Amino acid sequence: MILVDIPVIEERNDKDWYGTIPMGIILQEDVIFTVCLQDTPVLQSFKNGRVKGFHTYMKSRFILQVLYRNASLYLQYLRSIDRKSEEIERKLKESQKNRELIELLELEKSLVYLTTSLRSNEIVLEKLMKNDRFKQYPEDMELLEDVIVENKQAIEMGNIYSGVVSGTRDAFASIISNNLNVVMKFLATVTIVLSIPTMIASFYGMNVNLNGMPFANHENGFWIVIGIAIVASLIVTIIFAKKKMF
């Protein structure tokens, strides 16, 4: 019995993502059994006649063709993940919302599932290389080598895309955090500038003796106080502007 992991499309958060499920191939003298939890495109391609040059009576060759189709499907899904990540990256440049970061996290999770299963399949393929059944015909050995190469290519692609998606997610998370810090710094600066007129007005609004309050008996005392508040605010604003706090 040969047990391999095959890629499938799963629905999570109302969107299609990728995962893997096991598929068993049981070889008997007259028949080949395939056992899987659900229908898979790996076998559908053979049913629909999209794979040419296969014959079920050539059991070893047919099994290798199934494994080759499986590795090719991994590559197909990995390319689809790469396209999705580029699309999400474009959205992040415009919106920078948490939704896009969550989608990148889902892609990263899918890549972990795929690359882990590909490594498991690599072990299975290495065991097949030692099987005498597949050493009987040179064509079968060449096809098995092609399957191994295809599987290794899928592993490399998975590792590359996983690094890219992870780096992109971390970069945009840092950008969003930095933007939040910039906004908070701006709001803090504006609050300090606006607090100066409020503080001066509060002092002059106290219920104290008018003789002890500057400009209390002056006919333009109100405008003088307003002017002091404006000048103080402008001075603080200029200081903050030079320090690039705005």
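Residues numbered from 1 in each chain as written. Predicted model: local features only at pLDDT ≥ 70, side-chain atom pairs only at ≥ 80, totals over all residues. Heavy atoms only, no water.

Visitor: Account for a nonpolar patch on the surface, naming residues and giving values.
Guide: On the surface, Leu180, Val183, Met184, Phe186 and Leu187 cluster together into a nonpolar patch covering about 470 Å² of accessible area. Structurally, Leu180 can be placed in helix H4 (residues 138-204). Exposure remark for Leu180: the relative accessible area of 51% places this residue in the exposed category. (Patch = residues over 30% accessible without salt bridge, like charges linked within 9 Å, V, L, I, M, F, W, Y side chains within 5 Å. Areas by Shrake-Rupley, 256 points an atom, 1.4 Å probe, with all protein chains shown as cover. Salt bridge = Lys/Arg side-chain N within 4 Å of Asp/Glu carboxyl O. Helix = DSSP H or I, 4+ residues; strand = E, 2+ residues; numbered from the N terminus. Buried < 20%, exposed > 50% of the residue type's maximum accessible area, 1.4 Å probe, protein only.)

Visitor: Hey, could you go over the packing of H4 against helix H5 (residues 221-242) for me, with residue numbers and the actual values?
Guide: At a minimum axis distance of 9 Å, the contact between H4 and H5 shows a crossing angle of 160 degrees. On the basis of their axis angle, the class for H4 and H5 is roughly antiparallel. Crossing angle aside, the handedness with which H4 passes H5 is right-handed. Contacts between H4 and H5 involve Thr189, Ile192, Val193, Ile196, Pro197, Ile200 and Tyr204 from the first element and Val225, Ile228, Ala229, Ala232, Ser233, Val236, Thr237 and Phe240 from the second. Across the contact of H4 with H5, the residue classes tally to 12 nonpolar, 3 polar and no charged. (Axes fitted to C-alpha atoms, helices over the stretch in contact; angles between N-to-C directions. Parallel < 35°, antiparallel > 145°, perpendicular 65-115°, else oblique. Left-handed = near helix turned anticlockwise from the far one by under 90°. Contact = heavy atoms within 4.5 Å. Nonpolar A, V, L, I, M, F, W, Y, C, P; charged D, E, K, R; others polar.)

Visitor: Quick one: what's the story with the sheet that holds strand E1 (residues 2-12), residue by residue and with numbers?
Guide: Across the sheet, 3 strands lie side by side as E1-E2-E3; this open sheet has antiparallel pairing. Every other strand in the sheet has two partners, leaving E1 and strand E3 (32-36) as the edge strands with one partner each. Across this sheet, the average inter-strand angle for adjacent strands is 25 degrees, counted without regard to direction. Sheet analysis places E1 next to strand E2 (residues 15-27), joined by 11 bridges and oriented antiparallel. Of the residues in E2, the one forming a bridge with Val8 is Gly19. Each of E1, E2 and E3 is contacted by helix H2 (residues 59-94), which is oriented at about 30 degrees to E1, the strand it contacts most. (Pairing = 2+ DSSP bridges.)

Visitor: If you had to explain the nonpolar core to someone new, which residues and values would you point to?
Guide: One broad trend across soluble globular proteins is that nonpolar side chains are buried collectively. In this structure, Ile2, Val66, Leu67 and Leu78 are the most contacted members of the largest nonpolar core, which totals 45 residues. Elements supplying a minimum of two residues to this core: E1, E2, helix H1 (41-47), H2, helix H3 (98-129) and H4. Per element, the largest residue contribution to this core is 13 residues, and it comes from H2. In this structure, Val193, Ile200, Val225 and Val236 belong to the second largest nonpolar core, which totals 7 residues. (Core = buried A, V, L, I, M, F, W, Y, C linked by side-chain atoms within 4.5 Å.)

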